Amino acid sequence: MTTIERAEVFVAGPGRNFVTLRITTSDGVTGLGDATLNGRELAVASYLRDHVVPLLIGRDPARIEDLWQYLYRGVYWRRGPVTMTAIAAVDTALWDIKGKVAGLPVHQLLGGRSRDGVTVYCHASGTDIPSLLDDVARFREAGYRAVRAQAAVPDVGGTYGVRKGTGIYEPANAALPEEQLWDTEAYLRFAPTYLTAVREEFGFDFHLLHDVHHRLTPIEAARFGKSVEDAQLFWMEDPTPAENQEAFRLIRQHTTTPIAVGEVLTSIWDVQHLITEQLIDYVRTTVVHAGGITHLRRIFDLAALYQVRTGSHGATDLSPITLAAAVQVDLTVPNFGIQEYMEHAEVTREVFPSGVTLSDGLLDVDDTPGLGVEYDEKAAARYPYDPKYLPVARRRDGSVHDW
Ligand SMILES: [Mg+2]
């Protein structure tokens, strides 16, 4: 019988601290899983190295479902981002192995294509309205069919989602958390003006999205959603923190702006109420933080029953392994909505060579068996672990706000 012979955990850049799991079978087949949890990378690395890897050795890599149940139910302490990210890495690596053994890309194992390509949204941002409009124009010219728009609120430094300079947006940027100012009233007055300006400049023949980043109370979010209805957003993302799920019922009573939630949620039980009560329109759970391909499909199938569509988190805090896995899943699910996409830096793509392509605003993969992504361990070794934290937000009176 083929068994799992080795499982190795790597923590390395470039640009951020990606956690990568590589499983090798007794037949010499390897599978890759992403285990990156932005700002808490070493917790997942230790969970895998110290508690999960010893359980994998000698087991049958073909029994993906059984290993998922073993790791989830066997631990007693369930759910949560560290546990679910670790399980996700194992699950994703085993799907990679199963595809390689079968000689098929993972999307074929999941039932084959439901679509020609995966519609993505990109991140446009600006330090003011003119620079935001320039950025939207750049992405529209590049062929994107959907654009997320964020601009820095005047007199409020360091607004989330706004790129500094011309590089890739990277909020986890300091060895200790940077502290940023937040002003809800200034945001509520300003954000609708730039979303309106984007529509006035570019019209309505593309999807426009906006991320509120958990910053509002329920009634503030209701006010925001109502105030941007004429801009016809594809969604407003995370209008309020996801812990208080009744909040979305209140928001919905006031606005038809669609709601997307779930990038910080990690299991089907965390999104069950949101989906079955139809409190959201898009579920943003992702392969790496929601238990891997096996569990994410279960979430998406539940969502399909309630006409909730998918919209997985896909920023560059996830490695190209997650991106490849997300495309494999997104190609197949009937209730796919959209996929978040930020292009990884050239140096990152050298460490994780991948067959994922972008054309005409759609991501796709070829027929490479498995996930279609590799890991260059030697190249990665040039970028050792370097502590990085996401910022913390404070209001004008100095008190902590949601980042
Ligand atoms: Mg977000």
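Residues numbered from 1 in each chain as written. Predicted model: local features only at pLDDT ≥ 70, side-chain atom pairs only at ≥ 80, totals over all residues. Heavy atoms only, no water.

J.: Even after reading the chapter, I still don't get the overall build of the chain, so can you show me in this structure?
T.: Helices and strands together make up the secondary structure of the chain, namely 13 helices and 16 strands. Over its C-alpha atoms the chain spans a radius of gyration of 21 Å, differing by no more than 12% from the 22 Å that the globule rule assigns to 403 residues. Burial analysis of the chain (403 residues in total) assigns 58% to the buried set. When the accessible surface of the chain is summed, it comes to about 16,200 Å², and 51% of that surface belongs to carbon and sulfur atoms. The averaged location of the 54 negative side-chain charges in the chain is 3 Å from the averaged location of its 38 positive side-chain charges. (Helix = DSSP H or I, 4+ residues; strand = E, 2+ residues; numbered from the N terminus. Rg over C-alpha atoms; globule rule 2.2 N^0.38 Å. Buried < 20%, exposed > 50% of the residue type's maximum accessible area, 1.4 Å probe, protein only. Areas by Shrake-Rupley, 256 points an atom, 1.4 Å probe, with all protein chains shown as cover. Lys, Arg positive; Asp, Glu negative; His and termini not counted. Charge placed at Lys NZ, Arg CZ, Asp CG, Glu CD.)

J.: Honestly, helix α1 (residues 41-56) in this entry has me stumped. Any pointers?
T.: Because the α-helix completes a turn every 3.6 residues, residues three or four places apart line up on one side. Look at α1: 21 Å from first C-alpha to last across 16 residues, which is about the 22 Å you get at 1.5 Å a residue. Roughly 35 degrees is the biggest bend found in α1, and it falls at R49. Of the positions making up α1, those classed as buried are E41, V44, A45, Y47, L48, V52, V53 and L56. Each element contacted by the buried residues of α1 is listed here: β1 (4-12), β2 (18-25), α2 (64-73) and α3 (81-102). Within two residues after α1, G58 carries a phi angle of roughly 90 degrees, on the positive side. (Expected span 1.5 Å × (residues − 1). Bend = angle between axes of the 7 residues up to and from the residue. Contact = heavy atoms within 4.5 Å.)

J.: Explanation requested: the side chain of N335 in the structure shown.
T.: With respect to the secondary-structure elements, N335 resides in the loop between α11 (320-330) and β12 (339-340). Given the relative accessible area of 8%, N335 is considered buried. In terms of polar contacts, N335 uses its side chain to reach the backbone carbonyl oxygen of F300, at 2.9 Å. (Polar contact = N/O pair within 3.5 Å; in protein donor to acceptor, adjacent residues only side chain to side chain.)

J.: What am I meant to see in the coordination of the magnesium ion here?
T.: Geometrically, a metal with four donors at the corners of a regular tetrahedron has ideal angles of 109.5 degrees, and one with six donors at the corners of a regular octahedron has ideal angles of 90 or 180 degrees. Here the magnesium ion is held by the protein donor atoms D211 (OD), E237 (OE) and E263 (OE), which lie 2.0 to 2.5 Å from it. Counting the intervening residues between successive donors of the magnesium ion yields the motif D-x25-E-x25-E. Taken together, the positions of D211 in strand β7 (residues 207-211) and E263 in the loop between β9 (259-261) and α9 (268-276) put the pair 52 residues apart, joining distant regions of the chain. The two residues D211 and E263 agree in class, both being buried. (Donors = N, O, S within 2.8 Å, 3.2 Å for Na, K, Ca; no water.)

J.: Explain the domain arrangement of the chain to me, please; I cannot follow it from the model alone.
T.: Size of an interface: often given as the accessible area lost when the parts come together. The domains assigned to the chain are domain 1 (4-105) and domain 2 (109-370). For domain 1 versus domain 2, the separation of C-alpha centres amounts to 26 Å. Each partner contributes to the interface: domain 1 provides 35 residues, whereas domain 2 provides 36 residues. Of the roughly 2,800 Å² buried between domain 1 and domain 2, counting both surfaces, carbon and sulfur atoms make up 62%. It is D34, W95 and P105 that lose the most area in domain 1 upon contact with domain 2, and together they represent 23% of the buried surface on that side. On inspection of domain 1 and its partner domain 2, the count reaches two salt bridges. Between D270 and R79 there is a salt bridge, with the nearest N and O atoms lying 2.8 Å from each other. At the level of secondary structure, the elements contributing two or more residues to the side of domain 1 that touches domain 2 comprise β2, β3 (30-34), α2 and α3. Here the side of domain 1 that touches domain 2 takes 13 residues from α3, the largest share from any one element. By residue class, the composition of the side of domain 1 that touches domain 2 is 16 nonpolar, eleven polar and eight charged. (Domains from an automatic or database assignment. Buried area = accessible area lost by both parts, 1.4 Å probe. Salt bridge = Lys/Arg side-chain N within 4 Å of Asp/Glu carboxyl O. Nonpolar A, V, L, I, M, F, W, Y, C, P; charged D, E, K, R; others polar.)

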